[in-house]
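A structural walkthrough
Next come the chains, spelled out residue by residue.
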Amino acid sequence: MTDSSDYSDFATLAVRAGQQRTAEGEHSEPIFTTSSYVFESAEQAARRFGNEEDGNIYSRFTNPTVRTFEQRLAALEGGESCLATSSGMAAIMATCMALLKAGDHVLCSTSVFGSTTVLFNNYFVKFGVEVDYVDLANTDDWAVAIKPNTKLLFLETPSNPLTTIGDVRALASVADEHQCLLVVDNCFCSPALQQPLKLGAHVVIHSATKFLDGQGRCVGGAIVGSTEIVEEKILAWMRSAGATMSPFNAWVFLKGLETLKIRMAAHCAAAQELAEWLVDLAQIEHVYYPGLESHPQHKLAASQQSGFGGIVSFEVKGKRTEAWNVINNTRMLSITANLGDVKTTITHPASTTHGRLEPEQRAAAGINENLIRVAVGLESLNDIKADLLRGL
Ligand SMILES: *Cc1c(COP(=O)(O)O)cnc(C)c1O
């Protein structure tokens, strides 16, 4: 059997990294549905609990199927270590709870996932963690907004849903200069298109629910970074906090990783074509897609991503009524808040994913009432276009 040191290409790692075959010689990774593990003796149990011997104790701490997923995703992100979590939000929560304390300050991009903002604004404040929001695209604003107690910079790039790009290299050096950590939510790109750690970020967050699964089956998340951060700090917290990934979900995500690269290539190609088609339609006011040369940060996106992603957002002429009309007239596209699926999904961000924000926050984030987000799936593009045209 080969081990991971025999290969380093993404395509191979996606299929092979982390697999530990058991004596049964199984070809596909087994699902270890066990909550705990048996020790050979009381002495061994004591050694395991005392951290004197590696090995499983309890599936809240480690599980072989989950471990395989973690090792594979770490390899794909080019990180030392990965910790799988029960959801993408659990990954964000665990990172913040483990790395921050009362009195610390966080700088967060104005255009992040709605629940991320809610977590910071409504819950972390209760524990004395301050947050300020900064325009993702304006690197200088980040440097200016840093305070003596700033510990963490948090962003998504491309952002959801407007596909704004953050300059990961530049923001990583801002973070380094001020001894902060740059945390990047890499949900929209996945490691197949962007590897933030290689651009200087310190921690990568995933909602595995999206492209990593790719077929809308399970909710899960992950944190990738150095062993010092992920194992010694975040895993240590998680052992007690318990927001771990189930072995079954880990297995589904492992299968997802195996096809990630080819799915992402197909999502990118379809999204590019759809975006270019939308630009030319009279009913459309604006199209947001980093692959368009008209996207203000097209060159920056090309410098840090190997593809422009599968999400296209656009504003229709009109207001909420016109946007809802497009959504309600589709027959095939799935009206759902999920994204990163082989089935194309369509969402009205202002009333769903970003519906809990205050209107001013929504306006600051640029989420207008006539905005529609499409996560382009793998159906025929002709069928996707025809479905959108029904309400346009
Ligand atoms: C969906 C999403 C999350 C949250 O992930 P869950 O798995 O739903 O908890 C975080 N960030 C981004 C960018 C997302 O799209």
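We now examine the sheet that holds strand 10 (residues 334-335). Strand order in the open sheet formed by five strands is 8-9-12-11-10, with mixed pairing between adjacent strands. Strands with a single pairing partner mark the edges of an open sheet, and in this sheet they are strand 8 (284-288) and strand 10. Here strand 11 (residues 345-347) runs beside strand 12 (residues 371-375); their pairing, made up of three bridges, is antiparallel. By the bridge assignment for strand 12, T345 is matched with A375.

Our next topic: helix 14 (residues 381-389). Within the span of helix 14, buried status applies to L381, I384, K385, D387 and L388. Summarising the axial view, the buried residues of helix 14 lie within an arc of 160 degrees, below the 170-degree limit, and thus occupy one face. The inward-facing, buried residues of helix 14 contact helix 10 (260-279), strand 9 (311-316), helix 12 (320-328), strand 11 and strand 12. Two or three places before N382, at the opening of helix 14, S380 has a side-chain oxygen 3.1 Å from that residue's backbone nitrogen.

A few words now on the domain arrangement of the protein chain. Entries for the protein chain in the domain assignment read domain 1 (7-258) and domain 2 (260-391). Here the C-alpha centroids of domain 1 and domain 2 sit 26 Å apart. Counting the surface lost from both domain 1 and domain 2, the interface buries some 3,200 Å², and carbon and sulfur atoms represent 60% of this. For the pair domain 1 and domain 2, the interface holds zero salt bridges. Taken together, the connections running from domain 1 to domain 2 amount to 16 residue pairs in polar contact (both at pLDDT 80 or more). Ranked by the residues each element gives to the side of domain 1 that touches domain 2, the list is headed by helix 5 (residues 114-123), at five residues. Looking at the side of domain 1 that touches domain 2, its residues break down into 19 nonpolar, 17 polar and five charged.

Turning our eyes to something else, we now look at the site of the ligand. Close contacts around the ligand come from S87, G88, M89, F113, E156, D185, C187, S207, T209, K210 and G220, and that covers them all. M89 is positioned such that a nitrogen or oxygen atom in its backbone is 2.9 Å from an oxygen atom of the ligand. Between D185 and the ligand, the recorded distance is 2.6 Å, taken from a side-chain N or O atom to a nitrogen atom. The fraction of the free accessible surface of the ligand (380 Å²) that becomes covered by protein chains is 91%. Looking at the shell around the ligand residue by residue, the classes come out as three nonpolar, five polar and three charged.

Procedures and definitions
Residues numbered from 1 in each chain as written. Predicted model: local features only at pLDDT ≥ 70, side-chain atom pairs only at ≥ 80, totals over all residues. Heavy atoms only, no water. Pairing = 2+ DSSP bridges. Helix = DSSP H or I, 4+ residues; strand = E, 2+ residues; numbered from the N terminus. Buried < 20%, exposed > 50% of the residue type's maximum accessible area, 1.4 Å probe, protein only. Arc of directions from axis to C-beta. Contact = heavy atoms within 4.5 Å. Polar contact = N/O pair within 3.5 Å; in protein donor to acceptor, adjacent residues only side chain to side chain. Domains from an automatic or database assignment. Buried area = accessible area lost by both parts, 1.4 Å probe. Salt bridge = Lys/Arg side-chain N within 4 Å of Asp/Glu carboxyl O. Nonpolar A, V, L, I, M, F, W, Y, C, P; charged D, E, K, R; others polar. Near = heavy atom within 4 Å. Areas by Shrake-Rupley, 256 points an atom, 1.4 Å probe, with all protein chains shown as cover.

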